[in-house]
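What the coordinates show
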Amino acid sequence: MARVAALFTLLCCLILTEAQHEPGQCAFYDECGRNPTLNGTLIRPIVPCLNPSPARLLSGEHYKKLANVCPMLDRGEGNTYACCSIAQLISLETSFTLSKAVLIRCPSCSDNFATVHCINTCSPDQSQYVNVTRVMNITNLGVTREAVVAYQSYLSTNFAEGAFQSCKNVRIPATGGFAISTMCGRYGAKLCTAQRWYDFQGDSSNGLAPLDIDFRLIPGKDSGSLPSGIVAYNGTSLKCNQDTPTGGKACSCQDCQEACPVVPGPEPPAGPFRVFGMDGFLLISIVLLCLLMLAYLLFLFVSCYVRSKKPKSPKKDLNSNDVSQRRIHPSEVTCADKNSLIAHAFLSSIFQSWGKLMASYPLTVLLISAAAVAGFAAGLMHIELTTDPVELWSAPNSRARQEKDFHDSNFGPFFRTNQLILTAPQRKGHLYDSLLFGPYNFSGIVSKDLVIELLELQTKIRDIEFFSEDLNRTASLKDVCFAPLNPVNPKTTDCAVNSLPQYFQNSVDNINAKVNMTELGVTKEVDWRDHLIYCVNSPLSFKDITDLGMSCMADYGAPVFPFLAVGGYNNDDYTNAEALIMTFSLNNFPRTDPRFKVAMQWETEFLKIVQEYQNNPKTNFTFAYMAERSLEDEINRTTAEDIPIFMISYAVIFVYIAVALGEYSSCKRLLVDSKFLVGLGGILVVGCSVLASMGFYSWVGIPSSLVILQVVPFLVLAVGADNIFIFVLEYQRDVRRPGEKREEQIGRVLGNVAPSMLLCSLSESVCFFLGALSTMPAVKSFALYAALAVLMDFILQMTSFVALLSLDARRQDKNRCELLCCVTVKFYAPVLLNSVTRIIVMLLFIFLFCASLFLMFNVTVGLDQELAMPQGSYMLTYFEYLYKYFEVGVPVYFVTKKGFNFTTVQGMNAVCSSVGCDQFSLTQKIQYATDHPELSYIAIPSNSWVDDFVTGGFLCPRKCMKTPPDGVLRPNVEEFNKYLPSFLGIDPTCNVQKASRFMAYHTPLTNSQEFTAALLRARELADNITKGMRKVPGTSPDFEVFPYTVTNVFYEQYLTIVPEGLFNISLCLLPTFVVCCLLLGLDLRSGLLNLITIVMIVVDTVGVMTLWSIDYNAVALINLVTAVGISVEFVSHMTRSFALSTKLTHVERAKEATANMGSAVFAGVAMTNLPGILVLAFAKAQLIQIFFFRLNLVITLLGMAHGLVFLPVLLSYFGPGVNKAVLLQQQMAREREQQVDNMKQVYDNISFEDHETKPQQNGTKPKTLTHQETKEDQF
């Protein structure tokens, strides 16, 4: 038997050796049956029969089949010879069906691919191009024949390289990857070459090739080294940008770089503003500084010159009477002066009567006020607290919000993400020498034991079960998971879980699998590493090329792309990744859906398991994690934890007010003189005003937020405390007139100070009401709540607080002592308003303003999401890992609205990116954007269901329609509507004309500036796409394409927050000017100085924000609007006091205003805010530390500096002149008093003379007055 076998082998070798390699000769012909050496292939491995014979002349059906399958060999019927049977052509056609499914997007590539196999199988000169190297006896249907199971194929390098170049950039739209990566085995697209590409095609172990083909690529100069009679096939390969001879269209740009038009990249972002090579804003600030300083110095020079030329008038007359203030004639009083006096007198009289009334019936007033507040506060039963970030920061009518609503209504909300990012920094990697793929580096975390440990954790999470009250049964992952391939009735294995174990279908047995494999004569063990190397480069494969024969698809039926399973790699070196990523995706149900609570419960259980696993000392991973609910949970947690900080802050403020309002004459009178009741009343007034405001808007239906609860009380407290201090200190300074009742005194004092209180409160309230015009919901609701709270605070001060002060006055003695005023008068004001000090102050604040103006242009716009987390939060670690290890950013969908007809040929061509598509179609433009990821922020191009639909190899219409000669298959309208529902797997009634989307991926985005820039670039690209698609016939003029990313609603505000902030702050500044002018009797100069000072405070605040790393965003904008309100308190009282002063000079009037109002402003605003603000430094929330501690501290300090330092100096230079109407009124009042005194003196003298006369008439001596009696009489 052994001899027979040896003889048979010798005969085979002789036959193979003696085969003729000459034109017109075949090496093999017809089919002999199945290759017995292959099992488990994707197609039946039918091999040809060894048959050295002349080529056959084809005719009839045989010829037609050849012309259809291998048109490059067609020489016309009756003149076409070939070395293949009809059966071979049918098998070849079946094989081409698989390859065309991948390469159909590029007909020239597909034609080049088919040419090689047609030449090898059917060429009439077959024996010249192939050399049979192995045959086997195969018995088929009882007949035993010699079958070819291996041969050599000789190709010229020029043809092979040309064919490879035509195919290397062809893409698979579903993955965004290259088709060549699935046709080059272990090398993937990156390392694939022409030789490696053909080697894979000839490798029977790939499940596609029916036999082994050894492709030999022969350079043109090496033809002499070929076996006798062998010629390397040197046909002309088609370039990818060429049409095929059969009419096939050139490949599209996405699949062929040579076909790409010259497309300019996106315009780079505008560079920094520069003038003469230096920072333009710096130059402007320097020029402005120089101009302001020169103008100020010029003003000083002119003022000094005018004063030196002006003759000095004597201050005393000949009788030593004071003549420093000459008598004002009524004709000198201007209309403006009269208006100012009338306004002041009118308001004073009204408030005086009102104060007397309130002080006369304090208990009744308090009762009515309490009832009114209770009525408003009852609305708190219906309060709606907004915690959803989308509702809080994105306006319902904003573009991003409308786009989100459109997307969610048509495609459902973006799924909920629950994710772990795991590392093993202490584990060392290793080098693995793969039999198939060569040497590969494996990092420490990509190790078998850690992959299994990750799978165990994944299984534990996947098997979570809990009782749901909403479902009234035990719930699990399948009840809430995102199951893309079985959304109706999913099983647990249908849930989308992306992780590295999914390459092994979550099977420990698959991970442990190993097998000996022989490749190129080398036998070696292959294991999980070989499978992983293959899968990360070919994630769509249903079977790897190893003898393990395992699929790469996840157990839920979809591919797991490597950038979703591993992170921290370079240049697609996935096995050397530094992190493993595991993601559970849940359906994002509406909050009103009961399943939303179930999803929240599942995420709670997820967090418990992950945290227990993290605390386990046996854990081998260092990792970060998050659930979709984590952001909201952490914000709510830190809010609850920081409540004690706010309570302490308010307690400190309360203690300060209660102590500072007292007037202490001795320790014995400490309890008597303290203003505990008044301080408590002031705090209660503030609290009641906030409650009334919140209750009213709760009745109306305007929701509140945590920002309102944190900011509005501080704002109202600053405003209210200032008014309280002004009122109480003025009352303490005042002396009750003879015969005046206490209620009358309180009314008179209120009449003096209430106009100033009205000026500030009305300015702030109108300011905030105008701020409600903002489009940001958080800013709008804050402005509404603040406006009404300030207004309610003023009303309650005019009622309840006056009543409380009346009650307190009834129990207190009349001793008066006010230290701060004395200090201000004797020390601070004279030093501040010294001529040298004034110059220094002006120059210093001018410099500060110009420097802050420059810094303002460099403030960072945005709010990084990690700042919303408290210090020590696990989410901070997650964000750190996310930015460090993720290599791809968030998905971005380009969504089409209704108005575009996809059913027409022009419509399909305007969207797709395969052969026959427009060069500037939707997907092509996205592809062009990926060529410049640093500018477009798009990393992976969009896939297209249109491409899959028209090029799908196994589905209709490709399966059900005949492909035209040009390879451009386009169904008509009827066919489109017929085949599309089954292709998409949707209800036939679904209308894709209404909405469609195309998904791409952003580059990794790490901060709010990059998210904002990515949004802007995506919109620019979408606008460009919209303009192009509107040119397609039949497209509606209002058709639109927009980009949708789940983060757009949060970052859209930063596109417009600068102009919107300027608009809001300008609206707030306007009433401060208008109200000040009106209440001061159209005093334009006072209003202007008031406005200038507040503008300087705001500008300086933004400048310091830049220095102290406080970003400008919606939270900062709320605080800046608040800054305008607080600045009014620092500025307006002082301005009004100066305007009504009748001192001789500007400096003296500034001193008087500083003395009268400076102490009250310092004690009521600065010292009320500072203790409470300093306590906030201990808050855990970073948002509170940055935007409530830092920013409010800056606002308070700058407001105090400008109100108590800069403004008095500014008024001493540029303040309005003395109000002559007020001065005339005072002079007339003094004259009346003098006349009364003179009349009284005359009356006293007459009485004295009568008294002296009577004793003389009675014969008695007149009485001699003592010295003391004389003094008293003169007084």
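Summarised in this report is the structure supplied together with it. (Residues numbered from 1 in each chain as written. Predicted model: local features only at pLDDT ≥ 70, side-chain atom pairs only at ≥ 80, totals over all residues. Heavy atoms only, no water.)

Considering the overall build of the chain
Put simply, the rule reads: To qualify as a helix, a DSSP run of H or I must reach at least 4 residues; to qualify as a strand, a run of E must reach at least 2; elements of each kind are numbered from the N terminus. For the exposure calls, accessible area comes from a 1.4 Å probe over protein chains only, and a residue counts as buried if that area is under 20% of its type's maximum, exposed if over 50%, partly exposed in between. Computed by Shrake-Rupley with a 1.4 Å probe, the accessible areas treat only the displayed protein chains as cover when residues are assessed.
Broken down by element type, the chain carries 41 helices and 28 strands. Burial analysis of the chain (1275 residues in total) assigns 53% to the buried set. Just so you have it, the chain exposes about 57,100 Å², and 60% of that area is on carbon and sulfur atoms.

Concerning the sheet that holds strand S26 (residues 938-940)
For clarity, the cut-off: At least two bridges found by DSSP between two strands are what make those strands a pair. Helix axes are fitted to C-alpha atoms over the stretch in contact, other axes to C-alpha atoms as well, and angles between N-to-C directions run from 0 to 180 degrees. Two residues form a contact once any of their heavy atoms are found within 4.5 Å.
Reading across from one edge, S26-S27-S25-S28 is the order of the four strands in this open sheet, with antiparallel pairing throughout. What marks the edges here is a single partner per strand, and that holds for S26 and strand S28 (1041-1044). Here the strands of the sheet are splayed against their neighbours by 45° on average, with no regard to which way each runs. Here S26 runs beside strand S27 (residues 996-1002); their pairing, made up of two bridges, is antiparallel. Looking at the pairing, Ile-938 lines up with His-1002 of S27. The strands that helix H13 (residues 399-411) touches are strand S25 (891-896), S27 and S28; relative to S28, the one it contacts most, it runs at about 90°. Against the sheet, helix H29 (residues 922-930) contacts S25, S26, S27 and S28, and its axis sits at roughly 105° relative to S26.

As for the nonpolar core
What counts is decided by this rule: For the purposes of this section, nonpolar cores are sets of buried Ala, Val, Leu, Ile, Met, Phe, Trp, Tyr and Cys residues that join through side-chain atoms within 4.5 Å.
Formed by 151 residues in total, the largest nonpolar core has its most connected members in Val-712, Phe-727, Phe-768, Phe-782, Met-1105 and Phe-1187. It is helix H24 (residues 777-810) that provides the largest number of residues to this core, a total of 20 residues. The contact partners of Phe-1187, leaving out residues within four places of it in the chain, are Leu-863, Ile-1110, Asp-1111, Asn-1113, Val-1115, Ala-1116, Asn-1119 and Asn-1192. One finds Ile-464, Ala-554, Phe-584 and Phe-621 within the second-largest nonpolar core, a separate group that totals 92 residues.

Observations concerning the pattern of salt bridges
The test is simple: Just to be clear on terms, a salt bridge is a Lys or Arg side-chain nitrogen sitting within 4 Å of an Asp or Glu carboxyl oxygen.
All told, the structure shown has 23 salt bridges when counted by the stated rule. Here Glu-605 and Lys-608 are joined by a salt bridge, their closest N and O atoms 3.6 Å apart. Placement of both Glu-605 and Lys-608 in helix H18 (residues 594-615) is noted, with a separation of three residues, approximately one turn of the helix. The class for Glu-605 is partly exposed, based on a relative accessible area of 24%. Lys-608 gets classed as partly exposed once you look at its relative accessible area, which sits at 43%. Between Glu-634 and Arg-637 there is a salt bridge, with the nearest N and O atoms lying 2.8 Å from each other. A residue pair is termed a helical-turn pair when its members lie 3 or 4 positions apart in one helix, as Glu-634 and Arg-637 do in helix H19 (residues 630-660) at three residues. By sharing partners, the salt bridges in this structure join Arg-399, Glu-403, Arg-1019, Asp-1023 and Glu-1052 into a single network.

Observations concerning the state of the cysteines
Note the threshold: Throughout, a disulfide means two cysteine sulfur atoms within 2.5 Å of one another.
Counting across every chain of the model gives 12 disulfides. The side chain of Cys-84 participates in a disulfide bridge whose partner is Cys-122; the two sulfur atoms lie 2.1 Å from each other. Looking along the S-S bond of the Cys-84-Cys-122 disulfide, the torsion reads about 110°, which is the right-handed sense. One end of the pair, Cys-84, is in the loop between strand S4 (81-82) and helix H3 (86-103); the other, Cys-122, is in helix H4 (residues 107-122), and 38 residues separate them in sequence. Just as Cys-84 is buried, Cys-122 falls in that class too.

A word on unusual backbone geometry
Phi at Leu-141 is positive, roughly 60°, even though this residue is not glycine. At Asn-571, a residue that is not glycine, the phi angle is positive and equals roughly 55°. Among the structural elements, Asn-571 can be located in the loop between strand S21 (566-567) and strand S22 (579-586). With relative accessibility at 63%, the residue Asn-571 sits in the exposed group.

Here's the deal with the side chain of Thr-575
This is how it is decided: Polar contact criterion, stated in full: a pair of N or O atoms within 3.5 Å, where within protein one must be able to donate a hydrogen and the other to accept it, and residues adjacent in sequence count only if both atoms are side-chain atoms.
With respect to the helices and strands, Thr-575 occurs in the loop between S21 and S22. The exposure class assigned to Thr-575 is buried, which follows from its relative accessible area of 2%. A distance of 2.7 Å separates the side chain of Thr-575 from the backbone oxygen of Asn-441, its partner in a polar contact. Those residues in contact with Thr-575, other than ones at most four positions away along the chain, are Tyr-440, Asn-441, Phe-442, Ser-443, Val-446 and Ile-533.

Notes on a nonpolar patch on the surface
Counted only if it meets this: Patch definition: residues with relative accessible area over 30% and no salt bridge; like charges joined within 9 Å; nonpolar side chains (Val, Leu, Ile, Met, Phe, Trp, Tyr) joined within 5 Å.
A contiguous nonpolar patch, built from Leu-298, Phe-301, Val-302, Tyr-305 and Val-306 and spanning about 530 Å² of accessible area, is present on the exposed surface. Residue placement: Tyr-305 occurs in helix H9 (residues 280-309). Relative accessible area serves as the criterion here: at 49%, Tyr-305 is assigned to the partly exposed category.

Some details on the pairing of S27
Successive residues of a regular strand alternate their side chains across the two faces of the sheet. Summarising burial for S27: five of the seven residues are buried, a large majority. Of the pairings in the sheet, the one linking S25 to S27 comprises six bridges and is antiparallel in character. Bridge pairing links Val-892 to Ala-1000 in S27.

Here's the deal with the packing of aromatic side chains
Here a ring pair, both rings aromatic, is described through the centre-centre distance and the interplanar angle of the planes. Keep this limit in mind: Here a pair means two rings of Phe, Tyr or Trp (six-membered ring of Trp) with centres within 6.5 Å. Their orientation is stacked below 30 degrees between planes, edge-to-face above 60, and tilted elsewhere.
All told, the structure shown has 46 aromatic pairs when counted by the stated rule. When the ring of Phe-623 is compared with that of Tyr-625, the centres are 6.1 Å apart and the planes differ by 50°; the resulting orientation is tilted. Between Tyr-697 and Tyr-785, the ring centres sit 4.9 Å apart and the planes meet at 40°, which makes this aromatic pair tilted. In this pair, Tyr-697 is assigned in helix H21 (residues 676-700) and Tyr-785 in helix H24, connecting sequence segments 88 residues apart. You'll find Tyr-697 and Tyr-785 in the same group, each marked buried.

Regarding helix H23 (residues 742-771)
Keep this limit in mind: Multiplying 1.5 Å by the helix residue count minus one yields the expected span of that helix. A residue's bend is given by the angle between axes fitted to the 7 residues ending at it and the 7 residues starting at it.
Across its 30 residues, H23 extends 41 Å between first and last C-alpha, which sits within 8% of the 44 Å expected from 1.5 Å per residue. In the structure, H23 departs most strongly from a straight axis at Val-753, where the bend amounts to approximately 40° and where the proline Pro-755 lies between one and four residues downstream. Counting buried residues in H23 gives 23 out of 30 residues, a clear majority hidden from the surface.

The values reported here are purely geometric and, on their own, carry no functional implication.
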